[in-house]
Amino acid sequence: MTTSTSSTLSVMTMTPSLLLMATDEDLCTFARSGAGSRYLQSLVSPENKKLCEKMVSSILASNPLRMMTNPVGCFLVQKILGYFYILPKSQQFELLAPIISNFSRLSLNAYGYHVVLTAITHLGPEQRECFILELENYVTLLSLLKSKFGTFVAQACVPHLLPRTVTALVNSLLGHVVELACLPQGS
């Protein structure tokens, strides 16, 4: 399953039981192909809980950032985040950890920002707060607001801002309003 041709062909013969037996790297390679990602997304549901757990463990065992910043792999991660509640608590924490620790990097990436947006808009208040608090970092905030991808992440956080974060944002943005307003995404 290492080439896109074999991944596309494998979709026709790939069954959930075969996916459960696949190696982590093979499953992730499959997920990074267009047909493979679409097929795996179609299997993400409460009825396929074990398969979803397998997908998450495979993503985490390989390079999670590679999957989250891949043009088609990111859609599988987004779909899994939509069904976050079916994962065991330990796996939920493990899946969120690389998103939180790479918040800025993912938010500034053309594909990774979709993963962060999904986490902000679909997860519960406890998980969302981790992302909101990242905006209190002056460097992170300014880099998001200056990025055509990061600005979408910052905007998604606005309805969920905590009072202390609003204060931090206002203090961080003082003196930068004109600069930010001159940017295409800031106007």
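Residues numbered from 1 in each chain as written. Predicted model: local features only at pLDDT ≥ 70, side-chain atom pairs only at ≥ 80, totals over all residues. Heavy atoms only, no water.

Caption draft 1: Region of the structure containing the overall build of the protein chain. From N to C terminus, the protein chain includes 15 helices and 0 strands. By residue count, 47% of the 187 residues in the protein chain fall in the buried class. In the protein chain, the share of contacts with a sequence separation of at least 24, taken over all contacts with a separation of at least 6, comes to 71%. Total accessible area on the protein chain stands at roughly 9100 Å², and carbon and sulfur atoms take up 61% of it. (Helix = DSSP H or I, 4+ residues; strand = E, 2+ residues; numbered from the N terminus. Buried < 20%, exposed > 50% of the residue type's maximum accessible area, 1.4 Å probe, protein only. Contact = heavy atoms within 4.5 Å. Areas by Shrake-Rupley, 256 points an atom, 1.4 Å probe, with all protein chains shown as cover.)

Caption draft 2: The packing of helix 8 (residues 89–101) against helix 11 (residues 125–134), seen in detail. Their axes nearest at 11 Å, the elements helix 8 and helix 11 cross at an angle of 10°. Viewed along their axes, helix 8 and helix 11 adopt a mutual orientation that is roughly parallel. At the point where helix 8 passes helix 11, the crossing takes the right-handed sense. When helix 8 is examined against helix 11, the residues Gln92, Leu96, Ile99 and Ile100 are found in contact with a partner set consisting of Gln127, Cys130, Phe131 and Glu134. When grouped by side-chain class, the residues that make up the contact of helix 8 with helix 11 number 5 nonpolar, 2 polar and 1 charged. (Axes fitted to C-alpha atoms, helices over the stretch in contact; angles between N-to-C directions. Parallel < 35°, antiparallel > 145°, perpendicular 65-115°, else oblique. Left-handed = near helix turned anticlockwise from the far one by under 90°. Nonpolar A, V, L, I, M, F, W, Y, C, P; charged D, E, K, R; others polar.)

Caption draft 3: Molecular detail of helix 8. Taking 1.5 Å of rise per residue, the 13 residues of helix 8 would be expected to cover 18 Å, and the 18 Å separating its terminal C-alpha atoms lies within 8% of that figure. Turning to helix 8, its buried residues number three or more, namely Gln91, Gln92, Leu95, Leu96, Pro98 and Ile99. Down the axis of helix 8, the sector holding all buried residues measures 160°, keeping them to one side. Of the exposed residues in helix 8, those oriented more than 90 degrees away from the buried face are Lys89, Phe93 and Ser101. Its buried side turned inward, helix 8 meets helix 5 (49–61), helix 6 (64–68), helix 7 (73–82), helix 9 (103–107), helix 10 (112–122) and helix 11. (Expected span 1.5 Å × (residues − 1). Arc of directions from axis to C-beta.)

Caption draft 4: A look at the packing of helix 4 (residues 34–43) against helix 7. Closest axis-to-axis distance for the helix 4/helix 7 pair is 8 Å, and the angle between their directions is 5°. Relative to helix 7, the element helix 4 is oriented roughly parallel. The segment helix 4 lies against helix 7, with Ser37, Leu40 and Gln41 engaging Gly73, Phe75, Leu76 and Lys79. Of the residues belonging to the contact of helix 4 with helix 7, the class tally is 3 nonpolar, 3 polar and 1 charged.

Caption draft 5: Looking closely at the pattern of salt bridges. Under the defined criterion, the tally for this structure stands at 5 salt bridges. The partner of Arg32 in a salt bridge is Glu25, with the nearest N and O atoms 3.3 Å apart. Overall, the relative accessible area of 15% leaves Arg32 in the buried class. Among the ionic pairs, Glu53 bridges to Lys50, the shortest N-O distance being 3.7 Å. With a gap of 3 residues between them, Glu53 and Lys50 both fall in helix 5, about one helical turn apart. On the basis of relative accessibility, which here comes to 59%, the residue Lys50 falls in the exposed class. Look at the salt bridges and you will find they share partners, linking Lys49, Lys50 and Glu53 into a network. (Salt bridge = Lys/Arg side-chain N within 4 Å of Asp/Glu carboxyl O.)

Caption draft 6: Structural view of the nonpolar core. In terms of nonpolar packing, the biggest core is built from 49 residues, with Leu19, Met55, Ile80, Leu81 and Ile99 touching the most fellow members. It is helix 10 that provides the largest number of residues to this core, a total of 6 residues. (Core = buried A, V, L, I, M, F, W, Y, C linked by side-chain atoms within 4.5 Å.)

Caption draft 7: Examining the packing of aromatic side chains more closely. What the rule picks out here adds up to 5 aromatic pairs. Within the aromatic cluster, the residues linked to one another by ring pairs are Tyr113, Phe149 and Phe152. (Phe/Tyr/Trp six-rings, centres within 6.5 Å; stacked < 30°, edge-to-face > 60°.)

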